[in-house]
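Architecture and fold: a report
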Amino acid sequence: MKQTRRRLLALIIATAAVMSLAGCHTDMWHQPKLKAQSANNFFADGKTDRPLVTNSVPVGYLRDNEAFYTGKVANKPVAQLPVPLTRELLQRGQERYNVFCSPCHGKVGDGQGMIAQRGLALRRPPATFHTDRLRGMPVGYFYDVITNGFGVMYSYASRIPPEDRWAIAAYVRVLQLSQYAKTNELTPEDLRKLQESTTNTESKP
Amino acid sequence: MPQVFHRSSNTLARLSIVTGAALLVSSVLIGSNLSRSPYVTQVGAPVDQPVPFSHKHHVKELGIDCRYCHSTVETSAVASVPPTHTCMSCHSQVWTNSPLLEPVRQSYLNGTPIQWNKVYDLPDFVYFNHSIHVQKGIGCNTCHGPIHEMNITYKAQPLSMSWCLDCHRQPEKYIRPKEEVFNYNYQPPANQMELGKKLVQEYHVKKEQLTNCSICHR
């Protein structure tokens, strides 16, 4: 009787020990599943994320609106914004412009962004939008440059979806206007701000 | 019959009981404190990377927005470590001869990704989603700490379940206006709790859901 009780006790202790040890395992921490951006030696490029199969279109991604998705019609940049021009669009454009474009082109579009200032060896400095050439370009041109890059500028298509590219293109127009706005078109408040800033700092004309 | 044990055995026996109990208590205390210590959680320990990327330089000194590189953070579960293409959109022109950037150039030429080491590595049974946190007013710094001051990136928070729950129980302690999410200079106002409660309502944060097991474990 005494012996069975002792055996039972030993069994309980042993079970508890094994169970608490089993708690140390980590196979649920690192499950054999594929997670975004993880490494994978099954594929030659070592990536889990797979590129699209060539010439395939994911459901919902059919891009049949040429003007909207390429910024061009018959290989010519469109002059008309293919989305409604609203205040929200311009605000979205401003936000996205400041995120993706301002490092090189500067917050006012003068090509004097931080990278332009730092990149002493830049073979070709970022463009200012305030040249006659770019002021005369149709809005689709800016969409095309964001999509496909230009000169040493890389494509931003993977980071900026089409809707946002149009918002940015529209905002580039805002920046262009901002540098050539006529004083008699300003609201009294803006005019006052302008006068204050020009008297405070002897800024450039 | 002579006595088997000497009188001093009494003291020894009492002492061993006390020591045994103390050992038990202290081992539990040491264990629980150790598991929360930076030694185990790795908080503050810089993680070696194939390229010594500095967030401080890119974010604070150059003023590049988080989303320039982590471009899916607002729309996807993963903020995404940028592809080499993103690095090269500047470094094809800037620091083109730097030996530190050789792995970046090689990666771009060969099409093989740079194997960055994960700093914020959650267990696989936790389903974290960046976009919902960013969309509901949780700032980058709330979890990633002073990332704009880090030369080599380190973990700023323990990522323990109690740490997650601290905010999931009382999001008003940390929530901030949406437009301040990416602002690393943001300081919570003195009336954070007041503002927080307002924002929780305004952003439709369903507090009662946030402590459901299946919010994070699926």
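Because the structure is a prediction, the values reported are computed rather than measured. (Residues numbered from 1 in each chain as written. Chains lettered and ligands numbered in written order. Predicted model: local features only at pLDDT ≥ 70, side-chain atom pairs only at ≥ 80, totals over all residues. Heavy atoms only, no water.)

When helices and strands are tallied, chain B shows 11 helices and zero strands. Mapped from its N terminus to its C terminus, chain B presents α and β elements in the order α-α-α-α-α-α-α-α-α-α-α. Radius of gyration (C-alpha) of chain B: 25 Å, far over the 17 Å computed for a compact globule of 218 residues. Projected onto its principal axes, the C-alpha positions of chain B cover 95 × 50 × 35 Å. Out of the 218 residues in chain B, the part that is buried amounts to 34%. Summing over all exposed atoms, chain B offers an accessible surface of approximately 13700 Å²; the carbon and sulfur share of this is 61%. Side chains of chain B give 19 positive and 15 negative charges; the mean places of these two sets differ by 10 Å. (Helix = DSSP H or I, 4+ residues; strand = E, 2+ residues; numbered from the N terminus. Rg over C-alpha atoms; globule rule 2.2 N^0.38 Å. Buried < 20%, exposed > 50% of the residue type's maximum accessible area, 1.4 Å probe, protein only. Areas by Shrake-Rupley, 256 points an atom, 1.4 Å probe, with all protein chains shown as cover. Lys, Arg positive; Asp, Glu negative; His and termini not counted. Charge placed at Lys NZ, Arg CZ, Asp CG, Glu CD.)

Residues and elements named next belong to chain A. Structurally, Asn40 can be placed in the loop between α1 (2-22) and α2 (66-70). Since its relative accessible area comes to 11%, Asn40 is described here as buried. Separated by 3.5 Å, the side chains of Asn40 and Thr48 make a polar contact. If we skip the residues at most four places from it in the chain, Asn40 touches Leu34, Gly46, Lys47 and Thr48. (Polar contact = N/O pair within 3.5 Å; in protein donor to acceptor, adjacent residues only side chain to side chain. Contact = heavy atoms within 4.5 Å.)

What follows covers the pattern of salt bridges. Residues and elements named next belong to chain A. Per the counting criterion, the structure on display carries 15 salt bridges over all chains. With a shortest N-O distance of 3.5 Å, Glu95 and Arg92 are connected by a salt bridge. Highlighted residues: Glu95 and Arg92, both in helix α3 (residues 87-100), separated by three residues, approximately one helical turn. A relative accessible area of 34% means that Arg92 is categorised as partly exposed. (Salt bridge = Lys/Arg side-chain N within 4 Å of Asp/Glu carboxyl O.)

Moving on, we come to the nonpolar core. All names here are of chain A. One finds Tyr97, Phe142 and Trp166 to be the most contacted residues of the largest nonpolar core, which totals 35 residues. For this core, the elements supplying multiple residues, two or more each, are α2, α3, α7 (139-148) and α8 (162-180). When residues in this core are grouped by element, the largest group, eight residues, is from α8. (Core = buried A, V, L, I, M, F, W, Y, C linked by side-chain atoms within 4.5 Å.)

Another point: the interface of chain B and chain A. Residue-level contacts link 30 residues of chain B with 26 residues of chain A. Surface buried jointly by chain B and chain A totals about 2700 Å² across both partners, of which 54% is contributed by carbon and sulfur atoms. Arg96 of chain A serves as the salt-bridge partner of Glu74 of chain B, at 2.9 Å between the closest nitrogen and oxygen. Counting the contacts that link chain B with chain A gives 10 residue pairs in polar contact (both at pLDDT 80 or more). Mapped by element, the contributors of at least two residues to the side of chain B that touches chain A are α3 (55-61), α4 (66-69) and α5 (84-91) of chain B. Per element, the largest residue contribution to the side of chain B that touches chain A is five residues, and it comes from α5 of chain B. (Buried area = accessible area lost by both parts, 1.4 Å probe.)

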